[in-house]
Amino acid sequence: MPVSVRRRALVLLLALGAALALAGAAYAGNGGFAPATPHSPNASGINDSYKLIALFTGIIFVIVEGALIWFIFRYRNRGRPRTAEGPQIYAHTRLELMWTAAPVLILAVIAAFVFYKLPGIKNVPAAKAQGGPLVIRVEAHQFYWQFTYPDGATSIDELHVPANRVVRVDIHSEDVDHSWWVPELGGKFDAIPGVTNHTWFKANRMGTYRGQCGEFCGVFHAEMTARVVVESDAAYRSYLASVRDPLILGGQEWRGVCAKCHGLSGRGGYGPNIAVNAVLVEHAGLLRILEHGQNQLRPVSSYMPPVGRGWTDAQVKALEAYLKTRVYKGAPSGG
Ligand code: HEC
Ligand SMILES: [Cu+2]
């Protein structure tokens, strides 16, 4: 191949590569370069800090890369021999002072701004007028989120809260490390066994906010999505009443916990077909699997975690009610 053709092919390849690399960003929201639009004061604080840092780094990027390109053209070779020495320039005191002081000033501005914003991001507001924050216990499990409300009700993978209410989120893990993250409602917080982390939010707009486990936690990590549904006070209260119904809660448990591995109808997927397995309707056996997992196949090629560790009686009963009526397809034993 002649050199010019080879060079053109290289340029074309690089352009294609760049187009591919940027395509994903272009299709994402916000042009893919900015964080999700915040809908909670703490998320706004994070977003403001991001913007300030992006402003400085953006300006520095343009200046440095602009100078680089300018120098490449302005001082190009022009047929001089490779060994020709350029002019030796040194000691421009004012310039040297400027490029020493400017970065120090920029870093000081960024640090001051972030420390000024930090309390508003980190500290849970007292919310005295609302009778204190609404406290939600978030439990991370392989591979679902469990939410416990102040009245003891639980829901799986879907958290409901009233709009404009300060919500304190207490984050735990029952097995391995996970990470709680709903970008529109604030930062990312690790869920670590034996440790309780706290964050908060106050959603200023009704709607559904999507979250995702932010820490690789096993085979079905990608299925560990959360939805935060922000709604009116009345809708929130009726939701709390609805998950008291064992079939509603049981359905959430089936879809959010078991079906991710065993398939929606229980006919198998990553886990075996269990639709006809009598363990589903046998209290002691089911309880043992929920608490200890199930790993009999040797060598262990597939793994069932102890998915029901820490479940309350009401939760186990709800699952049993659902399994009995909606999942189990075995012949009735007739006693
Ligand atoms: C992370 C994937 C995963 C999840 C989640 C999961 N299972 Fe399993 N399950 C498995 C695998 C894999 C096996 C086979 C394990 C083995 O025997 O080695 C299994 C086995 C079983 C068995 C067969 C037990 C036996 O002795 O034949 C039952 C019943 C069962 N699971 C029920 C459930 C129920 C109920 C849930 C929800 C509460 C659930 N599983 C959640 C992966 C999963
Ligand atoms: Cu996880």
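S.K.: Looking at this model, I keep getting lost on the coordination of the copper ion (ligand 2). Mind explaining?
M.R.: Under ideal tetrahedral coordination, the four donors around a metal are separated by 109.5 degrees; under ideal octahedral coordination, the six donors are separated by 90 or 180 degrees. The copper ion (ligand 2) binds to the protein through His178 (ND1), Cys213 (SG), Cys217 (SG) and Met224 (SD), with metal-donor distances spanning 2.1 to 2.4 Å. Each of the four donor atoms around the copper ion (ligand 2) contributes to a set of angles spanning 90 to 124°, which defines the coordination as tetrahedral. Going along the chain, you hit the donors of the copper ion (ligand 2) in the pattern H-x34-C-x3-C-x6-M. With a gap of 39 residues between them, His178 in strand 6 (residues 178-180) and Cys217 in the loop between strand 9 (207-212) and strand 10 (225-231) connect regions that are remote in the sequence. Each member of the pair, His178 together with Cys217, is buried.

S.K.: Honestly, the site of ligand 1 in this entry has me stumped. Any pointers?
M.R.: Surveying the vicinity of ligand 1 reveals 23 residues, the closest of which are Cys258, Cys261, His262, Gln296 and Met304. For ligand 1, an oxygen atom lies 2.9 Å from a polar atom in the side chain of Asn277. One nitrogen or oxygen atom from the side chain of Gln294 is found 3.0 Å from an oxygen atom belonging to ligand 1. Broken down by element, the residue count for the shell around ligand 1 peaks at four residues, all from helix 5 (residues 246-262).

The rules behind the values
Residues numbered from 1 in each chain as written. Chains lettered and ligands numbered in written order. Predicted model: local features only at pLDDT ≥ 70, side-chain atom pairs only at ≥ 80, totals over all residues. Heavy atoms only, no water. Donors = N, O, S within 2.8 Å, 3.2 Å for Na, K, Ca; no water. Tetrahedral: all angles 85-135°; square planar, octahedral: opposite > 155°, others 65-115°. Helix = DSSP H or I, 4+ residues; strand = E, 2+ residues; numbered from the N terminus. Buried < 20%, exposed > 50% of the residue type's maximum accessible area, 1.4 Å probe, protein only. Near = heavy atom within 4 Å. Polar contact = N/O pair within 3.5 Å; in protein donor to acceptor, adjacent residues only side chain to side chain.

So far we have only geometry, and geometry alone does not tell us how the molecule works.
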